[in-house]
Amino acid sequence: MVLALDKEWIWDSWYIRDEGTWHAYFLKAPKSLGDPDLRHWNVSQGHATSTDLRSWTHHGTCFEPAASPAWDDYTTWTGCTLRDDHGGWHLFYTGSTEAEDGLYQRIGHAVSNNGHDWQRLGDGQCLDLTGPNAALYDHDHSQSLWHDRAMRDPWVMKDPAGDGWLMYFTARASGIAEPNAGGAIGFATSPDLMTWDLHPPVFVGGFGQLEVPQVFEENGLWYCLFCTAAEHFSVQQAAHTPGGPVTGSHYLIADGPRGPWHIAEGPFLDGAVPCKRYASRIEKTDDGLVIMGFADQPDGHFIGHVTDPDPVVVDGNGYLRVEALEPVED
């Protein structure tokens, strides 16, 4: 019982468990577009609920691009959903505008009373690559070696060392000659979820981009799950990866949420060529860790639904392993 829609493709997704109910939020676009590559520029966000991450009740569209002109009138891409200390719902998301041809990404913030009907805070924008640390990022697309000004896929969590909040996001570092070695995990902090300070990246290297970061703790170690493509491995990382480059999800590992982070040694966690599953999340269930992401192109054509969860185990050295992978069905 995968998370699927008859008339729409689904791709990136994120989850929150609230009083025994799982809420899934996901990017979606109409299959009537014909070409799945067009989905990125015709996007809205959907919402579904489940008690077991397998059987889903769909609640329709919950968020979409703003009316023009606006900083997020073109796309409202991947983000995260959380609840604050008072029970309020918060959505952090990626936005882009038609005025910039979608080339510049920024991070937005919306709130809700029920986890479905979202309202932007002000114009929505909460963080951009500006300020004293902006020069550490690839912040000016006109000077970039990459195809966009990357600042997307925010992951926000409570700071376990204090009263504030931490944000991680997909970015690129400045001043790196090899494009595929410039991928970065950006970092920002907030005392209240409302005002954010941009900090230096907490990780740089290995890949041209580390998409859809998700940071979590398990058994005293910290993990940053990310996804990337075979064509975005650096020369060094390609040579260092058993079996060579693949497309899918791997992870960084650290002793604390601020790092220092390093790429996990050994086999790539969950990848293949062509890609079977992408933009994955690892969730903590009553039965242990599970991984789920969208079915990409296991047979060479795009599928566009979220796979059922597969179990993840942590070995004696703290490394993750996906067990009993289920076939991705069309």
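Residues numbered from 1 in each chain as written. Predicted model: local features only at pLDDT ≥ 70, side-chain atom pairs only at ≥ 80, totals over all residues. Heavy atoms only, no water.

Quick notes on the pattern of salt bridges
- Within this structure, the stated rule accounts for 18 salt bridges.
- Notably, a salt bridge pairs Arg17 with Asp286, separated by 3.1 Å at the nearest N-O pair. Of this pair, Arg17 sits in strand 1 (residues 8-18) while Asp286 sits in the loop between strand 18 (277-285) and strand 19 (288-295), and the two are 269 residues apart along the sequence.
- The closest approach of N and O atoms between Glu218 and Lys284, which form a salt bridge, is 3.4 Å. Here the residue Glu218 occupies a position in strand 13 (residues 211-218), and Lys284 occupies one in strand 18, the gap between them amounting to 66 residues.
- Given a relative accessible area of 18%, Glu218 falls into the buried group.
- Each of Glu100, Arg106, Asp128 and Arg149 takes part in salt bridges that share partners, so that together they form one network. (Salt bridge = Lys/Arg side-chain N within 4 Å of Asp/Glu carboxyl O. Helix = DSSP H or I, 4+ residues; strand = E, 2+ residues; numbered from the N terminus. Buried < 20%, exposed > 50% of the residue type's maximum accessible area, 1.4 Å probe, protein only.)

Here's the deal with the packing of aromatic side chains
- Inspection of the entire model under this criterion finds 18 aromatic pairs.
- Judged by centre distance (5.7 Å) and plane angle (25 degrees), the ring pair of Trp71 and Tyr93 falls under stacked. Here the residue Trp71 occupies a position in the loop between strand 4 (57-63) and strand 5 (75-83), and Tyr93 occupies one in strand 6 (residues 89-96), the gap between them amounting to 22 residues.
- Accessibility expressed as a relative area gives 10% for Trp71, which makes it buried.
- A ring pair is formed by Tyr278 and Phe294, whose centres lie 6.1 Å apart and whose planes are at 75 degrees; its orientation type is edge-to-face. One end of the pair, Tyr278, is in strand 18; the other, Phe294, is in strand 19, with 16 residues separating them in the sequence. Summarising the burial analysis for this pair, Tyr278 and Phe294 share the class buried.
- Taken together, the ring pairs in this structure connect Trp9, Tyr278, Phe294 and Phe302 into an aromatic cluster.
- Geometry around Trp11 places Arg39 over its ring, the cationic atom sitting 5.0 Å from the centre. (Phe/Tyr/Trp six-rings, centres within 6.5 Å; stacked < 30°, edge-to-face > 60°. Lys NZ or Arg CZ within 6 Å of the ring centre and 35° of its normal.)

Points about the nonpolar core
- Judged by nonpolar contacts, the single largest core of 41 residues is most densely connected at Leu127, Met167, Phe169 and Trp196.
- Those elements that place two or more of their residues in this core are strand 5, strand 8 (119-127), strand 9 (151-158), strand 10 (165-172), strand 11 (183-190), strand 12 (197-204), strand 14 (221-228) and strand 15 (247-254).
- Here this core gets six residues from one element, more than from any other, and that element is strand 10.
- Non-local contacts of Met167, meaning those with residues more than four positions away in its chain, are made with Phe92, Ile107, Cys126, Leu127, Pro154, Trp155, Val156, Gly186, Phe187, Ala188 and Trp196.
- Ile16, Phe63, Val212 and Cys227 belong to the second-largest nonpolar core, a separate cluster that totals 24 residues. (Core = buried A, V, L, I, M, F, W, Y, C linked by side-chain atoms within 4.5 Å. Contact = heavy atoms within 4.5 Å.)

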